[in-house]
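# Working through the structure, step by step
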Amino acid sequence: MSQEGVGVDLETSLGYLLKEASSALRAAMEEVLRPLGMSVTHYSCLELLAQRPGLSNSELARGAFVTRQTMNVLLQALERDGYVTRPAEAPVGKVLPTRLTPSGRRSLEKASAAVRSVEARMLGGLTGTEQSDAFRILQNMIHSLRGDNEGG
């Protein structure tokens with residue numbers, strides 16, 4: 001019986017390959033972050049806060065690809081462990097701006113180095129031109145799927 005027209009051919013599906021690459025990247029990141037007492041989501045949250053201090057729970061959740069509820073639980077743990085601070089009351093509206101503590105910054109420095117090593121390993125077999133092409137192609141795919149027409 002022919003498989004033609006039924007399902008997706010996983011051998012040639014770019015979407016499936018992207019998901020597999022994403023899964024392999026996440027597993028490699030978890031492996032280097034685990035000894036530092038972090039998960040990928042934990043690291044993502046700290047990295048987002050370092051680059052954009054004061055993000056809200058919702059903004060952090062979107063940036064780390066998790067639900068607001070998951071991010072809220074993580075922020076409570078990060079605050080309890082001294083990685084972040086949040087005011088008891090919102091200075092404006094309902095948003096509690098979260099900021100890294102010095103301890104959070106030190107932990108992030110170690111985690112960032114570990115994550116950079118994973119990315120270097122992932123890109124190790126590519127030339128500079130191939131890396132640039134891959135970056136541009138992936139950005140174009142994201143823009144096309146989101147319908148924002150900013151692709152190259």
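## Notes on the environment of Arg34
One can find Arg34 in the loop between helix H1 (14-33) and helix H2 (40-51). Overall, Arg34 belongs to the exposed group, its relative accessible area being 55%. As a C-alpha pair, Arg34 and Ala111 span 77 residues in sequence and 9.6 Å in three-dimensional space.

## With respect to the packing of H2 against helix H5 (residues 102-123)
With their axes 10 Å apart at the nearest point, H2 and H5 run at an angle of 110° to one another. Here H2 lies roughly perpendicular to H5, going by the angle between them. Viewed along their axes, H2 and H5 form a crossing whose handedness is left-handed. Facing Tyr43, Leu46, Glu47 and Ala50 of H2, the residues of H5 in contact are Gly104, Arg105, Leu108, Ala111, Ser112 and Val115. Looking at the contact of H2 with H5, its residues break down into six nonpolar, two polar and two charged.

Basis of the calculations
Residues numbered from 1 in each chain as written. Predicted model: local features only at pLDDT ≥ 70, side-chain atom pairs only at ≥ 80, totals over all residues. Heavy atoms only, no water. Helix = DSSP H or I, 4+ residues; strand = E, 2+ residues; numbered from the N terminus. Buried < 20%, exposed > 50% of the residue type's maximum accessible area, 1.4 Å probe, protein only. Axes fitted to C-alpha atoms, helices over the stretch in contact; angles between N-to-C directions. Parallel < 35°, antiparallel > 145°, perpendicular 65-115°, else oblique. Left-handed = near helix turned anticlockwise from the far one by under 90°. Contact = heavy atoms within 4.5 Å. Nonpolar A, V, L, I, M, F, W, Y, C, P; charged D, E, K, R; others polar.

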